[in-house]
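# Topology and contacts: notes
Each chain, letter by letter, is given below.
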Amino acid sequence: VADGGAAQTVQVTFAPSVGAYSATPKAAQLSFVDNAPEDPQVALAGVATAPVVVVSPVPLDFGDVALGQKSTQTLTVTNSGTDTLFISKPAISGTDRSQFAVSPGSLTVPPGTSGALTVTFTPGAAGAKSAVLTLTHNPAPSATTISVALAGKGTTAPKPEIRVSPAALVMAQTVVKQSSQKTVTIGNSGKAPLQVQLQVTGKDPSQFRASPASATIVAGDSLLLTVVFAPTAEGNKSAVLSITHNA
């Protein structure tokens, strides 16, 4: 109530409800009921602001990851709204949640920009794995969530497989201080590089030599090994070709 010639201040609050975000201004009219000759009216307008969240890629699929290894992907969080986006405590749930991790623990994204969350998959056993990443974000007073499906597959590491042919090698009769040679094939029928080191051992190792002394054989390939017999004295000679490998 104001006396003649006096003024009274009226406070007006604009509080848009959650979900009322729109680029179109909100409008209303403030009317006064009084004993004056005229009823004054005041037009009210305001724009509700809020973050608008877009995450990608969705779902987040890590594909095949070998046991003992890990794979990291980036989840991009874009705020296309008109208010700052706050993400707090990203949480992972689901059957295989222990095999996924996310960082950082919170994220602030101003309007019109993007932020990033790092998600890591470390399979603990072979087979398909899945979980759900939940992002909790503003606007207040009610929190909103976004769920991102996570997937990956744990696989056993590829291994090489060695095959040697022939299994025994009989050298031709060779004159003392002369030499003869034959070949041995070492193959890799596995799916990973085969590393071999060769050494002649046994009764008469000095009478034989093999080359190359070491090699790496890619998957599906083979190595032709040369074995030389060079006797220094008459008589039967024997030795063993030892192959050290990673298969």
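Up top you'll find the structure we're talking about.
None of these values were measured; they are calculated from a predicted model.

### A look at the nonpolar core
Nonpolar side chains in soluble globular proteins tend to be buried together. Ranked by size, the top nonpolar core spans 22 residues in total, and within it Val55, Val77, Leu133, Val148 and Leu150 carry the most contacts. Breaking this core down by element, the ones donating at least two residues are strand S3 (53-56), strand S4 (60-66), strand S5 (71-79), strand S6 (85-93), strand S8 (106-109), strand S9 (114-121), strand S10 (127-137) and strand S11 (144-155).

### Quick word on the sheet that holds S3
Overall, antiparallel pairing links the four strands, which are arranged S3-S5-S9-S7 in an open sheet. One side of each edge strand has no neighbouring strand; the edge strands of this open sheet are S3 and strand S7 (100-103). Pairwise comparison of adjacent strand axes, ignoring direction, gives a mean angle of 25° for this sheet. Bridge count between S5 and S9: eight bridges; the pairing is antiparallel. Residue pairing across strands places Thr74 opposite Thr118, the latter belonging to S9.

### Side note on the environment of Gly115
Within the fold, Gly115 resides in strand S9. Residues Gly115 and Thr78, 37 residues apart in the sequence, show an inter-C-alpha distance of 6.4 Å. When neighbours within four sequence positions are excluded, Gly115 is seen to be in contact with Leu75, Thr76, Val77, Leu107 and Val109.

Conventions we followed
- Residues numbered from 1 in each chain as written.
- Predicted model: local features only at pLDDT ≥ 70, side-chain atom pairs only at ≥ 80, totals over all residues.
- Heavy atoms only, no water.
- Core = buried A, V, L, I, M, F, W, Y, C linked by side-chain atoms within 4.5 Å.
- Buried < 20%, exposed > 50% of the residue type's maximum accessible area, 1.4 Å probe, protein only.
- Helix = DSSP H or I, 4+ residues; strand = E, 2+ residues; numbered from the N terminus.
- Pairing = 2+ DSSP bridges.
- Axes fitted to C-alpha atoms, helices over the stretch in contact; angles between N-to-C directions.
- Contact = heavy atoms within 4.5 Å.

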